[in-house]
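Report on the structure
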Protein chains: 4
Amino acid sequence: MTVSREVELEGHIIDSGMMQSCFGIIMDLGGSFSVQEFDIGRHKDEESYARMLVEADDEDQLQSIVHELHQHGVNPSDPKDATLVPAPDDQVVPHGFYSTTNHPTYIRHDGEWIEVEDMEMDCAVVVEDGDSPRAYTKVLNAIEEGDLVVTDETGIKVQPPERPRDSGGAFGFMQGGVSSERPSESTIRKIANAIEETKKEGGKVMAVCGPALIHSGAREDLARLVREGYVDMLSAGNGFAVHDIERDIYGTSLGMDTESLDHPRHGHKHHIYTISEVIREGGIEEAVESGTIESGVMYECIDNDRPFVLAGSIRDDGPLPDTITDAVEAQNAIREQAHEADMVLMLSTLLHSVAVGNCLPSTTRVVCVDINPATVTQLLDRGSAQAVGMVTDIGTFVPILAEQLLEE
Amino acid sequence: MTVSREVELEGHIIDSGMMQSCFGIIMDLGGSFSVQEFDIGRHKDEESYARMLVEADDEDQLQSIVHELHQHGVNPSDPKDATLVPAPDDQVVPHGFYSTTNHPTYIRHDGEWIEVEDMEMDCAVVVEDGDSPRAYTKVLNAIEEGDLVVTDETGIKVQPPERPRDSGGAFGFMQGGVSSERPSESTIRKIANAIEETKKEGGKVMAVCGPALIHSGAREDLARLVREGYVDMLSAGNGFAVHDIERDIYGTSLGMDTESLDHPRHGHKHHIYTISEVIREGGIEEAVESGTIESGVMYECIDNDRPFVLAGSIRDDGPLPDTITDAVEAQNAIREQAHEADMVLMLSTLLHSVAVGNCLPSTTRVVCVDINPATVTQLLDRGSAQAVGMVTDIGTFVPILAEQLLEE
Amino acid sequence: MTVSREVELEGHIIDSGMMQSCFGIIMDLGGSFSVQEFDIGRHKDEESYARMLVEADDEDQLQSIVHELHQHGVNPSDPKDATLVPAPDDQVVPHGFYSTTNHPTYIRHDGEWIEVEDMEMDCAVVVEDGDSPRAYTKVLNAIEEGDLVVTDETGIKVQPPERPRDSGGAFGFMQGGVSSERPSESTIRKIANAIEETKKEGGKVMAVCGPALIHSGAREDLARLVREGYVDMLSAGNGFAVHDIERDIYGTSLGMDTESLDHPRHGHKHHIYTISEVIREGGIEEAVESGTIESGVMYECIDNDRPFVLAGSIRDDGPLPDTITDAVEAQNAIREQAHEADMVLMLSTLLHSVAVGNCLPSTTRVVCVDINPATVTQLLDRGSAQAVGMVTDIGTFVPILAEQLLEE
Amino acid sequence: MTVSREVELEGHIIDSGMMQSCFGIIMDLGGSFSVQEFDIGRHKDEESYARMLVEADDEDQLQSIVHELHQHGVNPSDPKDATLVPAPDDQVVPHGFYSTTNHPTYIRHDGEWIEVEDMEMDCAVVVEDGDSPRAYTKVLNAIEEGDLVVTDETGIKVQPPERPRDSGGAFGFMQGGVSSERPSESTIRKIANAIEETKKEGGKVMAVCGPALIHSGAREDLARLVREGYVDMLSAGNGFAVHDIERDIYGTSLGMDTESLDHPRHGHKHHIYTISEVIREGGIEEAVESGTIESGVMYECIDNDRPFVLAGSIRDDGPLPDTITDAVEAQNAIREQAHEADMVLMLSTLLHSVAVGNCLPSTTRVVCVDINPATVTQLLDRGSAQAVGMVTDIGTFVPILAEQLLEE
């Protein structure tokens, strides 16, 4: 047995996104609907009208859906008066008081719609009865005992602004954004699940790696992920490989001991010395075979046959013999990898991630992690169907991810 | 006389936003439409179908609209084969070649739809004829003489991804974002126009001001805007007023001479000395009357009767006698200002702008300027109907704005 | 038995900081020194001269010190010719090749000092013998077999630039900066050690907390640190306490479930409802006693008698009855706490941290953690004797810190 | 006739940087000094002692120097008692009151040094007379009428913290940082002066250019600077050149009209079409000669024989035939340019600026402008003798710079 309620949409309901939000809300909250009347504005100046029956499993769910629709400007087609409850004490609102949005709002009182004055969000609405009744917002600490406060959502109409047509170029309609504040550990758990799912389906995981991975101390955990097969392919630059190998040969990354945090005094030479050693051997594979390189991300790639692409740039020292210095050739190598990948982890490198992202279809799963929110936004801004961004420190992200994947 | 073309939409056309985009595109490009068939998916698993006639003034405009619709998954209802033109030379594509999106794409060839392989954006599509014809992407520098390259938009179908319903919490559908890269001078001109328009309509302009305005050398220009009546009200903190007055009394801002860039050696004491001087006088108005303060933003506010609110914070030195130290009292003062404002300029202060923004209805015009993109995003993320954000240096923004307003 | 070497300093050796660096290097590397001659420039145009005997425990240590001094412009007083070794192969430098700085450099060859041409850092120096011998830099990949490459550090003089006296205000001498790239886990371990040490010495640890702590999922771990006595006092704003309590009462933080990452649909009302509940009870302590609040950071503060200060701001909703709304009164409360603290953890809040930092003597230990590097820089920029900053995600920092402190 | 005063330095005066600061202060403020006694700590545990005579032209200047020395821990060798003046009213301090630092501080009273309690910066010091006199800090608003407040700087000793030797790796000594808040117009004027000076001396100015220059609308002004000879050489990437030429051919930059801020609907194709056009012509020079390119930065480079280097990267579309795709080859071209430059303008590109910076000796003048403070810090962090960084919007920087250079 289901319960239902009839609601109405009026205005530029498609153009303003109201119809889309409405369908999304109902489905997200587990309800269903049938469109009973749909009178579409056939030309640009015509308003539309829709009447729908919203259905839910129980009254609670229905309330929840109707509440949410209401915030987006969808109103019950059988309007009743708003419920008014006197405030029990100064600064104390009645239970279930209506908390405002910042959009123009109307209260139904004695069968009439009254516009709420001084609209402002997160306030209560107080109705002053009398010959010409008024409704206005009050912040919580201004509530006085006996104020008639609107509760529930009956008898309230909200009008979200429509997208203006002629904004003159600079001014625009602002709505929603991605907040960077999210619970880190819970999000990492979801990412670990997605990696496991991808592997279970026989898919391939590609890691795009920036040098910060090594400086921040995430090297050993990334190496384990490569060894254990959670990373199938690697894309990086010359610097990443040099830092990784420097850590193996000299115990430092750009001259700092990543365990003790000391800077051994010759340290700043280790970078260029590392390059020199690998050039002497003829390449990374040769240096692994000769025992010059004995651990790390590049070592595990060689040892476990995980293909890697090292792309050169004008900022490189050296570069290593393995680095592809021609940009077009490197792009082709990256492209080949990208087309094989089912899931891509972009780990604190804007540059290589952009290059990889340029070659990805919008259907590949993408995870992007960086300490800089602008990097995350830029990388996710290409219409991926399945994407997650995290603004966090790669030096704590990778260890927690490895723990999730390897220690369960 | 108009020209027209029939197009079709299929799938979750409302839920995916396709319908909304489609209406928007047609109207933005000056066309019109009539909906000829609309078979709405009445339940959440049903797909919808719409057939529309798009009308335009001439063939050019029509092409332009159809092109854009096409990028969003709307296809002509009378499909024809794709146009193939051989590449005239290596690395040279035919004029009008079709440049790809990163979405799944199909090419109509000999009456059949072929899926394009290796989807990737900004590529050309090459068709290999034969018994089992293939279509795939090629980057420009891989094109070879004679390659059959798809041109125009006939016979091409694009499928933008739909918003997934069950993304497991972390993964989401990523689309669009606000880029901070915009032509600065053109944008400032539009803002100047909006200020003039607001004044012409008898509206009030409120400036919310951070201390960076003074350090960055924008003080004199802001003072002129107050004097000339382009700013009617001011909301700021204790620090802003102190820096402004320090500049008047000692010629420095936090100890630095903003003209010569020198730090006169006693300079770091000027801040606390300024506070001490104003306390001695009894307040800003008294200090203006006694001649202690002779110029600047606060001076112009007093001299021209522009009301201001200085709100206190736990980081303040002093504070000045004019600063409202109680947060609730200060909020009430800000609220009163905010409700009177028709346009609000938020000038490089996150804190005060949030406090003001909390009190604004979504119908007030908002301009937000800050060097930090995160601040701009956060401030605009409240569904304002008319808002513009600029990621720029307040020290160059205000002078250019003042020039636009005062020197034409 | 010790080994020693005589070195010389010439020029504006005090003014340029050379003397200071020199003393620091020797001591950092475990050596010692005696100043044998010190002829100080008594007036501003006079150059100084110093001769010192550097002593170390063994030849290795001595080499290391002399190497480092050398990078800072301190040269052996018994110059010998530079050592030249032919490159064994194209692109392969001899072992121990000298890797350049970007400062003007001279090579001693046949008893003469030759200036190295085309100075550039991270290069090798090649000497061309002959009638008028030349020395110039070569990048590694330009080295040709047989090139005479300078190795070791004998016979090399480096001249770091001096601080210009008359830089015209804008131009300045740039040196050193704090890099944000540091191994996260190792750094957190050091911080945990410092907390334990502070507690062992009977000291008090104060935590300054921003709301991101709750959103990012660090709430439970912070609550444990309060309960177990690693945090003795708490300083925060109204928002922090509301988010913490919302999580207890509704399971959400600003409307998001921090475990499942879902946004329950009524969620955005939880914030204002939480405030309303606590106001109804009369305050946090009352709400804990009545059982309305049963867990979290504020709960542990009440339950374990850890004093807290909640300071109000103009951005607050509510506020809670516990929040001190007057800025001067709140400052006084913060000041009292700050003067008692021996170690202060500033956890992702610029605002409250600045307020606390304003009251701290330069001798208090300070830890500052924020995802925004500018915040970390600003907070540490007050000449603290013992300070550490981390640019990282508070949602991963606190759990790892708690693990270090509680599970060993 | 000069005036003079004897001062003393005690402790680790070289190691702590005190000696260096002291010399710097005296010279910056136009004074001179003679060292009368210098007893250097010859070993690492020995403290040093210095006595100096500071000379100035008049008493004012001398006061100013002594004041500043005092802030850095240098004290007069003839100590007198501190001057105490009763506060004239509540919250009102006497003129010339001593405003504190956050370092340990001592007040001389009746011939004895008393440590100031509750040290905190920007406070007044109040002395309580009596049998056991005390001194403590008071914030301005806590001052009561009659409080004995320390004025001037006589009889005050400050002890700045020394650099700790054994900080355990993570904790460090924090001092000074570069603030991004500087008066924009004054700074740009200084940069314009430096460019003119460089040109007058026959030097060469090199501009390193990022694509944001075009998006932000600075293209025309940069083109003028090239034409008028204020920019002699250009270093950029493929993207910069493509955006510049797109603006010429299609009037857009990445599809946006930089004047009207509109996005013409075919706009996103302009980028790839521009590349295709230039490939068809054979290169930029050919496209200028054929009249395909008629304006802009690249046009002026060709037209006025200003050499440019376009370096490729893995993120490029195309690339243009002029772009050097091999990283080593491109580095060599950049190196050649860099060695010729006397002044380098790094304009909103981290990547190319790092590549150029790698090749610069520390004696070249460097200007770095970017909206991201981290970029500015990173680029200036290489010990340049003459460097200036600006955190500002390139779209307002270049027009103001051009105005300064071209319209005087």
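Residues numbered from 1 in each chain as written. Chains lettered and ligands numbered in written order. Predicted model: local features only at pLDDT ≥ 70, side-chain atom pairs only at ≥ 80, totals over all residues.

Chain A is annotated in an unreviewed UniProt entry as Ornithine cyclodeaminase of Haloarcula argentinensis. Per its UniProt entry, chain A bears the Sequence similarities (unreviewed entry) comment "Belongs to the AgrE/ArgZ ornithine cyclodeaminase family." According to its UniProt record, chain A has this under Cofactor (unreviewed entry): "NAD(+)". (UniProt positions renumbered as here; feature names shortened; annotations may be inferred.)

Quick look at the overall build of chain A now. The helix and strand inventory of chain A stands at 13 helices and 19 strands. Within chain A, the fraction of its 408 residues that count as buried is 55%. A separation of at least 24 residues holds for 64% of the contacts in chain A among residues at least 6 apart in sequence. (Helix = DSSP H or I, 4+ residues; strand = E, 2+ residues; numbered from the N terminus. Buried ≥ 20, exposed ≤ 12 C-beta atoms within 10 Å, placed from the backbone. Contact = placed C-beta atoms within 7 Å.)

Once that is clear, we can look at the sheet that holds strand S13 (residues 233–237) of chain B. All names here are of chain B. Ordered by their spatial adjacency, 6 strands build an open sheet running S16-S13-S12-S17-S18-S19, and the pairing between neighbours is parallel. Every other strand in the sheet has two partners, leaving strand S16 (308–311) and strand S19 (387–391) as the edge strands with one partner each. Across the sheet, the mean angle from the axis of one strand to that of its neighbour is 10 degrees, orientation sign disregarded. Bridge analysis of strand S17 (residues 343–347) against strand S18 (residues 365–370) gives 5 bridges, and the strand direction is parallel. The residue of S18 that forms the bridge with Met-346 is Cys-368. Sitting on the sheet, helix H10 (residues 327–340) is in contact with strand S12 (205–209), S13 and S16, with an inclination near 150 degrees to S16. (Pairing = 2+ DSSP bridges. Axes fitted to C-alpha atoms, helices over the stretch in contact; angles between N-to-C directions.)

This next bit is on the environment of Ser-313 of chain C. Here Ser-313 of chain C is to be found in the loop between strand S16 (308–311) and helix H10 (327–340). Sequence spacing of Ser-313 of chain C and Ile-324 of chain C is 11 residues, and the spatial spacing of their C-alpha atoms is 9.0 Å. Residues within four places of Ser-313 of chain C in sequence aside, it is in contact with Ser-313 and Ala-327 of chain B together with Gly-237 of chain C.

Turning our attention to the confidence of the model for chain A. Here chain A shows a mean pLDDT of 86. Residues at 70 or above account for 89%. Low confidence marks residues 174–180 of chain A, where pLDDT is under 50. Its contacts with residues over four positions away, or in another chain, come to 12 contacts. (pLDDT = per-residue confidence, 0-100.)

The next point concerns the sheet that holds S16 of chain C. Residue and element names in this part refer to chain C. Strand order in this open sheet of 6 strands is S16-S13-S12-S17-S18-S19, and the pairing throughout is parallel. Since the sheet does not close on itself, it has two edges, and those belong to S16 and strand S19 (387–391), each with one partner. Geometrically, the sheet is characterised by an average inter-axis angle of 10 degrees between neighbouring strands, direction not taken into account. Bridging between strand S18 (residues 365–370) and S19 involves 5 bridges; their strand directions are parallel. By the bridge assignment for S19, Asp-370 is matched with Val-391. Against the sheet, helix H11 (residues 350–358) makes contact with strand S12 (205–209), strand S13 (233–237), S16, strand S17 (343–347) and S18, and its axis sits at roughly 130 degrees relative to S13, the strand it touches most.

Domain boundaries in chain A define domain 1 (1–78), domain 2 (79–163) and domain 3 (184–406). The distance between the C-alpha centroids of domain 2 of chain A and domain 3 of chain A comes to 55 Å. (Domains from an automatic or database assignment.)

Residue and element names in this part refer to chain C. Looking at the element boundaries, Pro-88 is found in the loop between strand S5 (83–86) and strand S6 (105–109). Taking the C-alpha atoms as reference points, Pro-88 and Val-366, 278 residues apart in sequence, are found 52 Å from one another. Setting aside its immediate chain neighbours within four residues, Pro-88 contacts Pro-94 and Glu-145.

Once that is clear, we can look at the packing of helix H6 (residues 238–250) of chain D against helix H7 (residues 270–281) of chain D. Residues and elements named next belong to chain D. The N-to-C vectors of H6 and H7 enclose an angle of 95 degrees; their axes lie 9 Å apart at closest approach. Here H7 runs roughly perpendicular to H6, going by the angle between their axes. Residues Val-242, Ile-245, Glu-246, Ile-249 and Tyr-250 of H6 touch H7, and the partners they reach there are His-270, His-271, Thr-274, Ile-275, Glu-277 and Val-278. Looking at the contact of H6 with H7 residue by residue, the classes come out as 6 nonpolar, 3 polar and 2 charged. (Parallel < 35°, antiparallel > 145°, perpendicular 65-115°, else oblique. Nonpolar A, V, L, I, M, F, W, Y, C, P; charged D, E, K, R; others polar.)

Quick look at the packing of helix H1 (residues 18–28) of chain D against helix H2 (residues 59–71) of chain D now. Each packed pair of helices is defined by two parameters, the angle between the axes and the distance between the axes. Residue and element names in this part refer to chain D. For the pair H1 and H2, the least separation of the axes is 10 Å and the interaxial angle reads 160 degrees. Of the possible angle classes, the one that applies to H1 and H2 is roughly antiparallel. As for the relative orientation of H1 and H2, their crossing is right-handed in sense. Together, Cys-22, Ile-25 and Ile-26 of H1 and Ile-65, Glu-68 and Leu-69 of H2 make up the contact between the two elements. (Left-handed = near helix turned anticlockwise from the far one by under 90°.)

Quick look at helix H10 (residues 327–340) of chain D now. Residue and element names in this part refer to chain D. Under the 1.5 Å per step criterion, the end-to-end length of H10 is 20 Å for 14 residues, consistent within 8% with the ideal 20 Å. Burial in H10 covers these residues: Ala-327, Ala-330, Gln-331, Ile-334, Arg-335, Gln-337 and Ala-338. In the core, the buried residues of H10 are packed alongside strand S12 (205–209), strand S13 (233–237), strand S16 (308–311) and helix H11 (350–358). (Expected span 1.5 Å × (residues − 1).)

In regular strands, side chains alternate between the two faces of the sheet. All names here are of chain B. The sheet contact formed by strand S8 (residues 124–128) and strand S9 (residues 134–138) spans 5 bridges and is antiparallel. Bridge pairing in S9 links Ala-124 to Lys-138. What sits between S8 and S9 in their antiparallel hairpin is a turn of 5 residues, with Gly-130 showing a positive phi close to 130 degrees.

For residues other than glycine, phi is negative in most cases, and the peptide bonds are mostly trans. Between Gly-318 of chain B and Pro-319 of chain B the backbone carries a cis peptide bond, its omega angle lying at -5 degrees. With a phi close to 50 degrees, Asp-118 of chain D is a non-glycine residue in the positive phi region. Take Asp-118 of chain D: it is sitting in the loop between strand S7 (112–117) and strand S8 (124–128). Asp-118 of chain D sits in the partly exposed class, given 16 other C-beta atoms within 10 Å.

All names here are of chain D. Looking at the secondary structure, you find Trp-113 in strand S7. Residue classification places Trp-113 among the partly exposed residues on the basis of 14 C-beta atoms within 10 Å. The spacing of Trp-113 and Ala-82 is 31 residues in sequence and 9.7 Å in space, taken between C-alpha atoms. Non-local contacts of Trp-113, meaning those with residues more than four positions away in its chain, are made with Tyr-106, Arg-108 and Lys-157.

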